[in-house]
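For reference, the chains in residue letters:
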Amino acid sequence: MTEQELMNLDFEKVMVYDEESDNGYDYYYFRKQIGGSMFFAADDFNETQELSVYVEEPRLIIKDINLVKELIDVFSKIKNAEREASVSEKNG
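It should be emphasised that the depicted structure is a prediction, and the values quoted were computed from it without experimental measurement.

(A) Spatial organisation of the side chain of glutamate 3. Relative to the helices and strands, glutamate 3 is located in helix α1 (residues 3-8). Buried charged residue glutamate 3 carries no salt bridge. Nearest counter-charge: lysine 13, at 4.1 Å. Each residue touching glutamate 3, except ones within four places of it in the same chain, is listed here: Lys13, Tyr28, Phe30, Phe45 and Leu51.

(B) Up close: the confidence of the model for the protein chain. Across the protein chain, the average pLDDT comes to 85, with 95% of residues at 70 or higher. Summarising per-element confidence for the protein chain, the mean pLDDT is lowest in strand β4 (residues 53-55) (79) and highest in strand β1 (residues 12-16) (93).

(C) Broad picture of a negative patch on the surface. Residues Glu19, Glu20, Asp22 and Asp26 make up a contiguous surface patch of negative charge. As for its placement among the helices and strands, glutamate 20 is situated in helix α2 (residues 18-21).

(D) How the structure looks around the packing of aromatic side chains. Applying the stated criterion across every chain, the model contains 3 aromatic pairs. Seen from their ring centres, phenylalanine 11 and phenylalanine 40 are 6.4 Å apart, and the 5° between their planes marks the pair as stacked. Of this pair, phenylalanine 11 sits in the loop between α1 and β1 while phenylalanine 40 sits in strand β3 (residues 38-42), and the two are 29 residues apart along the sequence. Assessed through its relative accessible area of 6%, phenylalanine 11 is described here as buried. The exposure class assigned to phenylalanine 40 is buried, which follows from its relative accessible area of 1%. A ring pair is formed by tyrosine 28 and phenylalanine 30, whose centres lie 5.8 Å apart and whose planes are at 90°; its orientation type is edge-to-face. The ring of tyrosine 28 carries lysine 13 above its face, with NZ or CZ at 4.2 Å from the centroid.

Cut-offs and rules
Along every chain, residues carry numbers that run from 1 in the direction the sequence is written. Reporting in this predicted model follows two pLDDT cut-offs: at least 70 for local features of residues, and 80 or more for side-chain atom pairs to be given and counted; totals over whole chains, interfaces and linings ignore these cut-offs and use all residues. Water and hydrogen atoms play no part in the side-chain values, which are based on all heavy atoms of the structure. Every helix listed is a DSSP run of H or I at least four residues long, and every strand listed is a run of E at least two residues long, numbered separately from the N terminus. Three exposure classes are used, based on accessible area relative to the maximum for each residue type with a 1.4 Å probe and protein chains only: buried under 20%, partly exposed in between, and exposed over 50%. For the charge count, each Lys or Arg is scored as positive and each Asp or Glu as negative, with His and the chain ends excluded. Salt bridges are defined by distance alone: a side-chain nitrogen of Lys or Arg within 4 Å of a carboxyl oxygen of Asp or Glu. Any two residues whose heavy atoms approach within 4.5 Å at even a single point are treated as in contact. Each residue carries a pLDDT score, the predictor's confidence in it, ranging from 0 to 100. Exposure above 30% relative accessible area and no salt bridge define the residues that can form patches, which grow by joining like charges within 9 Å and nonpolar side chains of Val, Leu, Ile, Met, Phe, Trp and Tyr within 5 Å. Surface accessibility in these figures is a Shrake-Rupley result with a 1.4 Å probe; residues are shielded only by whichever protein chains are displayed. Where a charge lies is defined by one atom per residue type, namely NZ (Lys), CZ (Arg), CG (Asp) and CD (Glu). Note on aromatic contacts: the rings of Phe and Tyr and the six-membered ring of Trp form a pair at centre separations within 6.5 Å, being stacked when their planes are under 30 degrees apart, edge-to-face when over 60 apart, and tilted otherwise. Geometrically, a lysine NZ or arginine CZ counts as sitting over a ring once it is within 6 Å of the ring centre and also within 35 degrees of the ring normal.

Okay, structure coming up:
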């Protein structure tokens, strides 16, 4: 998947400067919070200049943009259901 595809899905481009990382160079990665402390991240171009999205825990690598879209949709539905349940509890 490309950088533009990730940006179209509202991934945030995060710049990391050498002063912060002491890697000897600046770099960037993309991330999107999908629930609680779970993030999708993409930071490694392959030989065709495409990115893969991964989840750190459990370690998953997703190379298909359609699967990324489906997972974002699933986590959005979970968040909405939790929000609705919370409102229902408050309204008793």
